[in-house]
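Residue-level structure breakdown
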Amino acid sequence: MKIRLLLIIFATLLPLCISCSSEEDIDQFSGNYKGNVVMNADYFKNLVVLNREVSVVPENKNLRVTLNDVSFGAMRGDFTANMKIESVSDKIFRLSSAGGVATLTMGGDGGTADYSCNVMGSLTTIGNTNNLNLIFSMPDVMGGMKVEFSQGDVPVVAALEKSYSGEAVAIAGDLQQEIVSPTEILEIVEEDRDNAGHHTFAVQMKSERFGNFTAKTGNVAQDNNIYTFTGSGECELNMPEAPVGTYKLALAGTVNLNEPEKTEIAFTIEDVLNTLTVKFYNIP
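Worth saying up front: this structure is predicted, and the values here are computed from it rather than measured. (Residues numbered from 1 in each chain as written. Predicted model: local features only at pLDDT ≥ 70, side-chain atom pairs only at ≥ 80, totals over all residues. Heavy atoms only, no water.)

1. A look at the overall build of the protein chain
Secondary structure assignment for the protein chain yields two helices and 17 strands. For 284 residues, the compact-globule estimate of 2.2 N^0.38 gives 19 Å, and the protein chain exceeds it by more than 25% at 25 Å. On the principal axes, the C-alpha backbone points of the protein chain span a range of 90 × 55 × 30 Å. Going through the 284 residues of the protein chain one by one, you find that 38% of them count as buried. For the protein chain, the exposed area adds up to about 15400 Å²; of that, 50% sits on carbon and sulfur atoms. Computed over 20 positive and 36 negative side-chain charges, the separation of the two mean positions in the protein chain equals 10 Å. (Helix = DSSP H or I, 4+ residues; strand = E, 2+ residues; numbered from the N terminus. Rg over C-alpha atoms; globule rule 2.2 N^0.38 Å. Buried < 20%, exposed > 50% of the residue type's maximum accessible area, 1.4 Å probe, protein only. Areas by Shrake-Rupley, 256 points an atom, 1.4 Å probe, with all protein chains shown as cover. Lys, Arg positive; Asp, Glu negative; His and termini not counted. Charge placed at Lys NZ, Arg CZ, Asp CG, Glu CD.)

2. Points about the confidence of the model for the protein chain
Chain-level statistics for the protein chain give a pLDDT mean of 90 and a share of 90% at 70 or above. Here residues 5-22 is modelled with pLDDT under 50, and outside its nearest four sequence neighbours on either side it reaches two contacts, counting other chains as well. (pLDDT = per-residue confidence, 0-100. Contact = heavy atoms within 4.5 Å.)

3. What to know about unusual backbone geometry
With a phi close to 60 degrees, N274 is a non-glycine residue in the positive phi region. Along the polypeptide, N274 turns up in the loop between β16 (264-269) and β17 (276-282). One non-glycine residue with positive phi stands out, namely T275, at about 75 degrees. With respect to the element layout, T275 can be found in the loop between β16 and β17.

4. Side note on the packing of aromatic side chains
The way to describe two aromatic rings as a pair is by their centre distance and the angle between their planes. What the rule picks out here adds up to four aromatic pairs. Residues F213 and F267 carry aromatic rings whose centres are separated by 5.1 Å and whose planes lie at 35 degrees to one another, so their mutual orientation is tilted. Of this pair, F213 sits in strand β12 (residues 211-217) while F267 sits in strand β16; the two residues are 54 residues apart in sequence, bridging distant segments of the chain. On the accessibility criterion, F213 (0% relative accessible area) is buried. According to the relative accessible area criterion, F267 is buried, its value standing at 0%. (Phe/Tyr/Trp six-rings, centres within 6.5 Å; stacked < 30°, edge-to-face > 60°.)

5. Focus on the pairing of strand β4 (residues 75-87)
Pairing geometry for strand β3 (residues 62-72) and β4, over eight bridges, is antiparallel. When the sheet's bridge partners are listed, T66 is paired in β4 with T80. The hairpin turn running from β3 into β4, its antiparallel successor, is two residues long, and G73 in that turn takes a positive phi close to 65 degrees. Pairing of β4 with strand β5 (residues 92-106), which is carried by nine bridges, proceeds in the antiparallel orientation. By the bridge assignment for β5, I85 is matched with L95. (Pairing = 2+ DSSP bridges.)

6. Observations concerning the environment of N82
By the secondary structure assignment, N82 is in strand β4. In sequence terms N82 and N62 are 20 residues apart; their C-alpha atoms lie 6.5 Å from each other. If we skip the residues at most four places from it in the chain, N82 touches E59, N62, L63, R64, S96 and S97.

7. Some remarks on the pairing of strand β8 (residues 145-150)
Pairing between strand β1 (residues 31-41) and β8: five bridges, direction antiparallel. Within β8, the residue paired with N40 across the bridge is K146. Here strand β7 (residues 129-138) pairs with β8 via five bridges, running antiparallel. Note on β8: the bridge partner recorded for S137 is K146.

8. Regarding the pattern of salt bridges
Under the counting rule described, the total for this entry stands at 10 salt bridges. Here E59 and R64 are joined by a salt bridge, their closest N and O atoms 3.2 Å apart. Residue classification places E59 among the partly exposed positions, given a relative accessible area of 30%. For R64, a relative accessible area of 29% puts it in the partly exposed group. (Salt bridge = Lys/Arg side-chain N within 4 Å of Asp/Glu carboxyl O.)

As structure tokens, then:
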């Protein structure tokens, strides 16, 4: 009977002990966290804003988080929330708030307005470093807008998966001069992800000037927000300077988030015009 009573008392006090421990240590999370922002809504997909900063300040046993000056197109956003912190383990902490506020300034005559947002996140302690992740969700903005802050490189799917606008240039050994198509759209979509976290993507460009190009990437390498990949596929070539037909192609690409104008994707067909290469150049 005594043992059973002790177990009941222990089970009652354990959550309080965990809570007390996290409250006493809450000052360790104070500071400024540098990272990147990825935004999604009905109107756009995987819009990336680099080099943003979140301020974290202890306040009444909670953490006040502030993410300011997130500019995207003609809109600017400031986000703040008072986060409840819960210990998942001695190194992982869950953050949550149902009372966040997003202050959005629209371009033109849109003015400034506050919107309520739900905020979820986590803090992970690795050695002497805290890693912060936050997601601000605003159901009343643009059909449901999400703003995610994370540290380190932008996740590969958010970095690559989108529609790109730019120009395409064709060069070949048997072409007297390069051929430029000034308005092209290229799409990159995640196709698969294995158990080890390796991603493959489908890359497609449908060009009225050159034809249709489709390819699949191998694993994507990433370094400091620069993503490189190779792959293979085929094209349905339809340009006056070359024989019409379907050909195998090799894919090589670089997506550069630091300098988006340096994003390039090349399709190379060895069997046409003494090696034809059609290269897409991103124009932000």
